[in-house]
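# Residue-level structural notes
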Amino acid sequence: EEGERERERERERMADLSSEENASSKSTSLLLQIVEHPDGSVSRPFVPISAPSDDRPDAAVLSKDVPLNPTHDTWLRIYRPSVVHHTTKLPIVIYFHGGGFVVFSAASTFYHGLCEAMTGAISALVVSLEYRLAPEHRLPAAYEDAVETVLWIQSQARDPAAGEPWLVHHGDFSRCFLMGSSSGANMAYHAGLLATALELLPLRLLGLILNQPYFGGVERTPSEIRSEDDPILPLQANDTLWRLALPKGAERDHEFCNPVVAVPPELRHLPRCLVKGCEGDPLVNRQREFVRMLQREGASVVARVDEGGFHSVELLDPIRAESLFAEIRRFIRDDL
């Protein structure tokens, strides 16, 4: 009972992460504080951001920002352990943050903190993408940015002399993984599908790590129906995010939203998939449908659904975050 009360307090904290500016809003959910404007743009709720550590000597994990595509104003935040043996090559995890394709940033304090903790816990290089957001840039813009990240990392492997030093000196380009949380996991899946048609050597994508992937559909699932008052992902916000993110005129059974409606032929060529979820997530029924599709089509998939929890639980519950990191370590190790 005490544990459940603690989880409820964490849920309330997540709903109030924004600032005093948002505290005056009628809604405590960040995702319900998106304001739409007649020109098609939106105002997003304020969330705190964190600067990279650069080479601060007291940091256990170092981070820095590098440009990806200045035309699109996209960039990458790269994380590495502060101490790496010169002969050690670390796996590379390409990470996509959540936010329904509409809000948040690679620099958002909670995602920056997650990537820092994950870098140390799994002993890897983490490359977190600042991608274009909807509705100003509707899908598939985020998928295109994700694939551009993969190709950028491949370019570092192809030309080490001109490559990014952290990647060239410490990264194992033969052990790369795509990872995302929520809508970022949706991105990792679709970028993985697109990457099956690319010649990526010497880079090798060995797996997809999909944490609470964000999927939807026209017909509501039981867990979605129960989520009307969910403090993290209420049903109204879920509807708004998909309306803003999908191509104009697309309905919720579009392939970007509902992957089980039409199985893509590329699915058979996907690398191994780790799908992580929890019972308290409004999307858990979608995630189970997705896992069943992968299994039915013969994809290699490891599925983990924990009891309790809530959407984005790893951002606020250190125990859940450590559980996620342990799953990632095992998944990466199995590919050795």
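Residues numbered from 1 in each chain as written. Predicted model: local features only at pLDDT ≥ 70, side-chain atom pairs only at ≥ 80, totals over all residues. Heavy atoms only, no water.

Okay, the overall build of the protein next. Across its full length, the protein carries 10 helices and 10 strands. The globule rule puts the C-alpha radius of gyration for 336 residues at 20 Å, and the 19 Å found for the protein is close to it. A principal-axis box enclosing the C-alpha atoms of the protein has dimensions of 55 × 45 × 45 Å. When the 336 residues of the protein are sorted by exposure, 58% land in the buried category. Considering only intrachain contacts with a sequence separation of at least 6, the fraction spanning at least 24 residues in the protein is 75%. (Helix = DSSP H or I, 4+ residues; strand = E, 2+ residues; numbered from the N terminus. Rg over C-alpha atoms; globule rule 2.2 N^0.38 Å. Buried < 20%, exposed > 50% of the residue type's maximum accessible area, 1.4 Å probe, protein only. Contact = heavy atoms within 4.5 Å.)

What follows is about the packing of aromatic side chains. Following the criterion strictly, the structure yields 13 aromatic pairs and no others. Where Tyr-214 meets Trp-242, the ring centres are 4.6 Å apart and the plane angle is 5 degrees; that geometry is what we call stacked. Note that Tyr-214 is positioned in the loop between strand 8 (205-211) and helix 7 (222-225) and Trp-242 in helix 8 (residues 235-245), a separation of 28 residues in sequence. With respect to class, Tyr-214 is no different from Trp-242; both count as buried. Pairing Phe-215 with Phe-290 gives two aromatic rings, centres 4.7 Å apart and planes at 40 degrees, and the pair type is tilted. Placement of the pair is Phe-215 in the loop between strand 8 and helix 7 and Phe-290 in helix 9 (residues 284-296), with a sequence separation of 75 residues. For the pair shown, Phe-215 and Phe-290 are each scored as buried. Taking NZ or CZ as reference, Lys-64 lies 4.5 Å from the ring centre of Trp-166, over its face. Taking the ring centre of Trp-166 as reference, the NZ or CZ of Arg-80 above it sits at 4.9 Å. (Phe/Tyr/Trp six-rings, centres within 6.5 Å; stacked < 30°, edge-to-face > 60°. Lys NZ or Arg CZ within 6 Å of the ring centre and 35° of its normal.)

Relative orientation of the contacting elements helix 3 (residues 109-122) and helix 10 (residues 318-334) amounts to 45 degrees, with a least axis distance of 10 Å. Comparing the axis directions of helix 3 and helix 10 gives the class oblique. Crossing geometry of helix 3 relative to helix 10 is assigned as right-handed. Of helix 10, the residues touching helix 3 (which contributes Leu-114, Ala-117, Met-118, Ala-121 and Ile-122) are Phe-325, Ile-328, Arg-329 and Ile-332. (Axes fitted to C-alpha atoms, helices over the stretch in contact; angles between N-to-C directions. Parallel < 35°, antiparallel > 145°, perpendicular 65-115°, else oblique. Left-handed = near helix turned anticlockwise from the far one by under 90°.)

Let us look at the sheet that holds strand 4 (residues 74-81). Reading across from one edge, 3-4-6-5-7-8-9-10 is the order of the eight strands in this open sheet, with mixed pairing throughout. The sheet terminates laterally at strand 3 (61-69) and strand 10 (301-306), the two strands that pair on one side only. Sheet twist, expressed as the mean angle between neighbouring strand axes with direction ignored, is 20 degrees. Strand direction decides the pairing type here: strand 7 (residues 171-181) and strand 8, joined by six bridges, are parallel. (Pairing = 2+ DSSP bridges.)

Time to look at helix 10. In this model helix 10 runs 24 Å from its N-terminal to its C-terminal C-alpha over 17 residues, within 8% of the 24 Å that 1.5 Å per residue would give. If you check the start of helix 10, you find a side-chain oxygen 3.0 Å away from the backbone N of Ile-319, and it comes from Asp-317. (Expected span 1.5 Å × (residues − 1). Polar contact = N/O pair within 3.5 Å; in protein donor to acceptor, adjacent residues only side chain to side chain.)

What follows concerns the packing of helix 4 (residues 141-158) against helix 6 (residues 183-195). Orientation of helix 4 relative to helix 6, taken along the N-to-C sense of each, is 65 degrees, at an axis distance of 9 Å. Where helix 4 crosses over helix 6, the handedness of that crossing is right-handed. Residues Ala-142, Tyr-143, Ala-146 and Val-147 of helix 4 form the contact with helix 6, whose participating residues are Asn-186, Met-187, His-190, Ala-191 and Leu-194. Along the lines of polarity and charge, the residues of the contact of helix 4 with helix 6 split into seven nonpolar, two polar and no charged. (Nonpolar A, V, L, I, M, F, W, Y, C, P; charged D, E, K, R; others polar.)

This structure, assessed with the given rule, holds three cavities of 30 Å³ or more. For the second largest cavity, the calculated volume is near 80 Å³. For the second largest cavity, the full set of lining residues is Asn-211, Gln-212, Lys-276, Gly-277, Cys-278, Asp-306, Val-313, Glu-314, Arg-320, Ser-323 and Leu-324. Residue assignment for the lining of the second largest cavity shows that the elements contributing at least two residues are strand 9 (272-278) and helix 10. The residue inventory of the lining of the second largest cavity, partitioned by class, reads three nonpolar, four polar and four charged. (1 Å grid on protein atoms, 1.4 Å probe; cavity = no way out; pocket = protein on both sides within 12 Å on 5 of 7 lines; lining within 4 Å. Points joined across faces, edges and corners; volume = space filled by probe spheres on them.)

Moving on: the environment of Ala-60. In this fold, Ala-60 is placed in the loop between strand 2 (42-43) and strand 3. Residue classification places Ala-60 among the exposed positions, given a relative accessible area of 62%. With 263 residues separating them in the primary sequence, Ala-60 and Ser-323 have C-alpha atoms 20 Å apart.

So, about the environment of His-311. Note that His-311 resides in the loop between strand 10 and helix 10. Along the sequence, His-311 and Pro-213 sit 98 residues apart, while their C-alpha atoms lie 9.8 Å from each other. Beyond its immediate stretch of four places on either side in the chain, His-311 contacts Ser-182, Gln-212, Ile-232, Leu-233, Asp-281, Pro-282 and Leu-283. Only 3.0 Å separates the side chain of His-311 from the side chain of Asp-281, close enough to count as a polar contact.

That's the geometry; what it means functionally is another story.
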